[in-house]
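Read off the chains here:
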Amino acid sequence: MPKHIAPPESEMSLAELRGDCARMAPHWSAPPRKDAPAVAPSLINGVVVPPASARLVDAMSDYGD
């Protein structure tokens, strides 16, 4: 039975990947954003957020202010 051989790692750096993505972005399109209808809080159940995650999100100015 042949042993699994891992594929060679890419030679591309993160900076090169980001550059490629930036050059491709104008060619991509996205459908218009549609706002989701509001959901009553009473219908949301079973969601558990660990205290450390809640503190992290609370500390983020985009979410906590």
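Definitions and limits used
- Residues numbered from 1 in each chain as written.
- Predicted model: local features only at pLDDT ≥ 70, side-chain atom pairs only at ≥ 80, totals over all residues.
- Heavy atoms only, no water.
- Helix = DSSP H or I, 4+ residues; strand = E, 2+ residues; numbered from the N terminus.
- Buried < 20%, exposed > 50% of the residue type's maximum accessible area, 1.4 Å probe, protein only.
- Areas by Shrake-Rupley, 256 points an atom, 1.4 Å probe, with all protein chains shown as cover.
- Salt bridge = Lys/Arg side-chain N within 4 Å of Asp/Glu carboxyl O.
- Patch = residues over 30% accessible without salt bridge, like charges linked within 9 Å, V, L, I, M, F, W, Y side chains within 5 Å.
- pLDDT = per-residue confidence, 0-100.

Caption draft 1: Summary view of the overall build of the protein chain. Regarding its fold elements, the protein chain presents three helices and zero strands. Scanning the protein chain from its N terminus toward the C terminus, one meets helices and strands in the order α-α-α. Taking all 65 residues of the protein chain together, 2% fall into the buried category. If you sum the accessible surface of the protein chain, you get close to 6900 Å²; carbon and sulfur atoms cover 62% of it.

Caption draft 2: Geometry of the pattern of salt bridges. In total, this model carries two salt bridges according to the counting rule given. The closest approach of N and O atoms between Arg23 and Asp20, which form a salt bridge, is 2.3 Å. Here Asp20 and Arg23 lie together in helix H1 (residues 14-24), a separation of three residues that amounts to about one turn. Asp20 sits in the partly exposed class, given a relative accessible area of 29%. For Arg33, the salt bridge goes to Asp35, with nearest N and O atoms at 3.8 Å. For the pair Arg33 and Asp35, a shared accessibility class is recorded, and that class is exposed.

Caption draft 3: Region of the structure containing a nonpolar patch on the surface. Taken together, the side chains of Val39, Leu43, Ile44, Val47 and Val49 define a hydrophobic patch exposed on the protein surface, amounting to about 520 Å² of accessible area. Position of Val49 among the secondary structure elements: in the loop between H1 and helix H2 (51-59).

Caption draft 4: Spatial organisation of the confidence of the model for the protein chain. Summary statistics for the protein chain give a mean pLDDT of 79 and a share of 77% for residues scoring 70 or more. Within the protein chain, helix H3 (residues 61-64) has the poorest average pLDDT of any element, 59, and H1 the best, 88.

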